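# Examining the three-dimensional arrangement
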2 protein chains.
Amino acid sequence: MNFTAKKIAVLLRQRGYKLTPQRRVILDAIADGHDHLTPAAIYEKVKREHSNIGLVTIYRTIGLLTELGLICEVHSGGNCRSYLLRRPSEHHHHLICSDCGTVVDFTSCDLSEVEQKLSDDTGFDINGHLLEFLGRCRSCQTTTP
Amino acid sequence: MNFTAKKIAVLLRQRGYKLTPQRRVILDAIADGHDHLTPAAIYEKVKREHSNIGLVTIYRTIGLLTELGLICEVHSGGNCRSYLLRRPSEHHHHLICSDCGTVVDFTSCDLSEVEQKLSDDTGFDINGHLLEFLGRCRSCQTTTP
DNA sequence: TTGTAAATGAAAATGATTATCATCTAGCAG
DNA sequence: CTGCTAGATGATAATCATTTTCATTTACAA
Ligand SMILES: [Mn+2]
Ligand SMILES: [Mn+2]
Ligand SMILES: [Zn+2]
Ligand SMILES: [Zn+2]
């Protein structure tokens, strides 16, 4: 997405960050496609256009984008994190294909009742929740039964 | 909990696994208390009673207990996993204190409607979900305002 | 008690992430 | 346009979590 990438560029500059070619290409890599990517995967993807980029820069840029709230971290088990562009700016959740990694965002989660009940029962001061659905996307269902 | 630990011992033997003193003490460490523990934390706790145990054995035992479905993995961000005894054998979720790590299990989550809607909308074959609430337990609220 | 498959611990290997530091450059002042 | 400089980069090494390997030990059934 060019539009999104452009908006992000503006955001970066507003906060005093520089817009480097490396950041540009990392943003493109993340913004293109609907799957979640590990730092290593972003690195591989980005190296095609910017062969001498360092993996460190990927990590630094991920840190920056996280700080700006521009990417989402996906918690689908495994031993390393993966990320994708934050598409809905509002509070939302993810439906993740365990085969191809495609992520669908959804905003409709009404957990306020459950949360209230839990809070009453336990005395916890609840300040957040994590909700993710796992499954196989339509395309992956047809290719491998 | 002695009872739980004992039941687990039986389970181990049923499947042909040996009940070693190391496993015994690791089980005790996990079963005692309601907080979630990282492998390193279990290691430290266990070393007090079994000073020459290896961290590898912690990892191996965690693997074993996971395979038997006897422990839960908690996904509270951060860079390493943590575990606690699986108390309700049924499907359940966690309410986690971000200060002290205490975990409250709860079974009341009715996500079937949301799941059905998501499935209809996206064509995904949904086979699971992850739901966790984060907050501060009553005790942690009183100690640090 | 004995035999043996399973388990353990030391050590090294691997993989992910972070810290350091010399060098480079985006963006701005002049 | 040119030079300055804070911020950014990449090579390298360090750190931290986890896994592999392998020689030695041990639980437990026979
Ligand atoms: Mn998202
Ligand atoms: Mn649990
Ligand atoms: Zn898929
Ligand atoms: Zn607490």
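As a reminder, the structure under discussion sits directly above these lines.
Here's what I pulled together on the structure shown here. Every value quoted in this text rests on a predicted model; they were computed, and no experiment measured them.

The rules behind the values
- Residues numbered from 1 in each chain as written.
- Chains lettered and ligands numbered in written order.
- Predicted model: local features only at pLDDT ≥ 70, side-chain atom pairs only at ≥ 80, totals over all residues.
- Heavy atoms only, no water.
- Pairing = 2+ DSSP bridges.
- Helix = DSSP H or I, 4+ residues; strand = E, 2+ residues; numbered from the N terminus.
- Axes fitted to C-alpha atoms, helices over the stretch in contact; angles between N-to-C directions.
- Parallel < 35°, antiparallel > 145°, perpendicular 65-115°, else oblique.
- Left-handed = near helix turned anticlockwise from the far one by under 90°.
- Contact = heavy atoms within 4.5 Å.
- Salt bridge = Lys/Arg side-chain N within 4 Å of Asp/Glu carboxyl O.
- Buried < 20%, exposed > 50% of the residue type's maximum accessible area, 1.4 Å probe, protein only.
- Buried area = accessible area lost by both parts, 1.4 Å probe.
- Nonpolar A, V, L, I, M, F, W, Y, C, P; charged D, E, K, R; others polar.
- Polar contact = N/O pair within 3.5 Å; in protein donor to acceptor, adjacent residues only side chain to side chain.
- Near = heavy atom within 4 Å.
- Least-squares fit on C-alpha atoms with pLDDT ≥ 70 in both.
- Phe/Tyr/Trp six-rings, centres within 6.5 Å; stacked < 30°, edge-to-face > 60°.

Turning to the pairing of strand 4 (residues 103-106) of chain A, a few remarks are in order. Residue and element names in this part refer to chain A. Summarising the sheet, strand 3 (residues 93-97) and strand 4 pair through four bridges and their orientation is antiparallel. The residue of strand 4 that forms the bridge with Leu95 is Val104. Counting the residues that bridge the hairpin from strand 3 to strand 4 gives five residues, and of these Gly101 lies at a positive phi of roughly 85 degrees.

All names here are of chain B. The N-to-C vectors of helix 3 (residues 39-47) and helix 4 (residues 55-67) enclose an angle of 120 degrees; their axes lie 9 Å apart at closest approach. In this view, helix 3 runs oblique relative to helix 4, as classed from their interaxial angle. Both helix 3 and helix 4 take part in a crossing whose hand is right-handed. The residues of helix 4 that touch helix 3, namely those facing Pro39, Ile42, Tyr43 and Val46, are Leu55, Ile58, Tyr59 and Ile62.

Let us look at the pattern of salt bridges. Residues and elements named next belong to chain B. If you walk through the whole model with that rule in mind, you get ten salt bridges over all chains. One salt bridge connects Asp32 with Lys45, and the closest N-O pair in it is separated by 3.3 Å. Placement of Asp32 in the loop between helix 2 (21-31) and helix 3 and of Lys45 in helix 3 is noted, with a sequence separation of 13 residues between them. Residue Asp32 is classed as partly exposed on the basis of its relative accessible area of 45%. Measuring nitrogen to oxygen at the nearest pair gives 2.8 Å for the salt bridge that ties Asp121 to Lys117. Taken as a pair, Asp121 and Lys117 lie in helix 5 (residues 112-122) at a separation of four residues, close to a single helical turn. Classification of Lys117 by relative accessible area gives partly exposed; the value is 48%.

Moving on to the interface of chain B and chain A. Contacts between chain B and chain A engage 34 residues on the former and 34 residues on the latter. Summed over both partners, the interface of chain B with chain A comes to about 2900 Å²; 67% of that surface belongs to carbon and sulfur atoms. Area buried by chain B at its contact with chain A is led by Phe124, Leu130 and Phe133 of chain B, which between them contribute 22% of it. Between the two partners, chain B and chain A, sit zero salt bridges. Among the elements of the structure, strand 3 (93-97), strand 4 (103-106), helix 5, strand 5 (125-136) and helix 6 (138-143) of chain B are those that each provide at least two residues to the side of chain B that touches chain A. Here the element with the most residues in the side of chain B that touches chain A is strand 5 of chain B; it accounts for twelve residues. Taken together, the residues that form the side of chain B that touches chain A break down as 15 nonpolar, 13 polar and six charged. Note: strand 5 (residues 125-136) of chain A against strand 5 of chain B, eleven bridges, orientation antiparallel. Bridge pairing in strand 5 of chain B places Leu134 of chain A opposite Gly128 of chain B.

So, on to the side chain of Arg136 of chain A. Following the sequence through the fold, Arg136 of chain A ends up in strand 5. A polar contact is formed between the side chain of Arg136 of chain A and the backbone oxygen of Cys140 of chain A, at a distance of 2.9 Å.

On to the protein's contact with DNA strand D, then. DNA strand D sits among 21 residues. The nearest are Thr20, Thr57 and Arg60 of chain A together with Leu19 and Tyr59 of chain B. Among all atoms of DNA strand D positioned within 4 Å of the protein, those belonging to sugar or phosphate total 71%. Separating a phosphate oxygen of DNA strand D from a side-chain N or O atom of Arg13 of chain B is a distance of 3.4 Å. Between Leu19 of chain B and DNA strand D, the recorded distance is 2.9 Å, taken from a backbone N or O atom to a phosphate oxygen. Residue assignment for the surface near DNA strand D shows that the elements contributing at least two residues are helix 2 (21-31) and helix 4 (55-67) of chain A together with helix 4 of chain B. With three residues, the single largest contributor to the surface near DNA strand D is helix 4 of chain B. Partitioning the surface near DNA strand D into residue classes produces nine nonpolar, six polar and six charged.

As a further point, take the relation of the copies chain B and chain A. Once turned by 180 degrees and shifted 0.0 Å along the axis, chain B lies on chain A with an RMSD of 0.0 Å. Here the copies are linked by what is in effect a two-fold axis. Closest to the rotation axis within chain B is the C-alpha of Leu131 of chain B, separated from it by 2.3 Å. A symmetric contact is evident, with 100% of the interface residues of chain B recurring at the interface of chain A.

This brings us to the packing of aromatic side chains. Residue and element names in this part refer to chain A. Here the structure, examined in full by the defined rule, presents two aromatic pairs over all chains. Summarising the aromatic geometry, the rings of Phe106 and Phe133 are spaced 5.8 Å apart at their centres and angled 55 degrees between planes, so their arrangement reads as tilted. Highlighted residues: Phe106 in strand 4 and Phe133 in strand 5, separated in sequence by 27 residues. A relative accessible area of 0% places Phe133 in the buried class.

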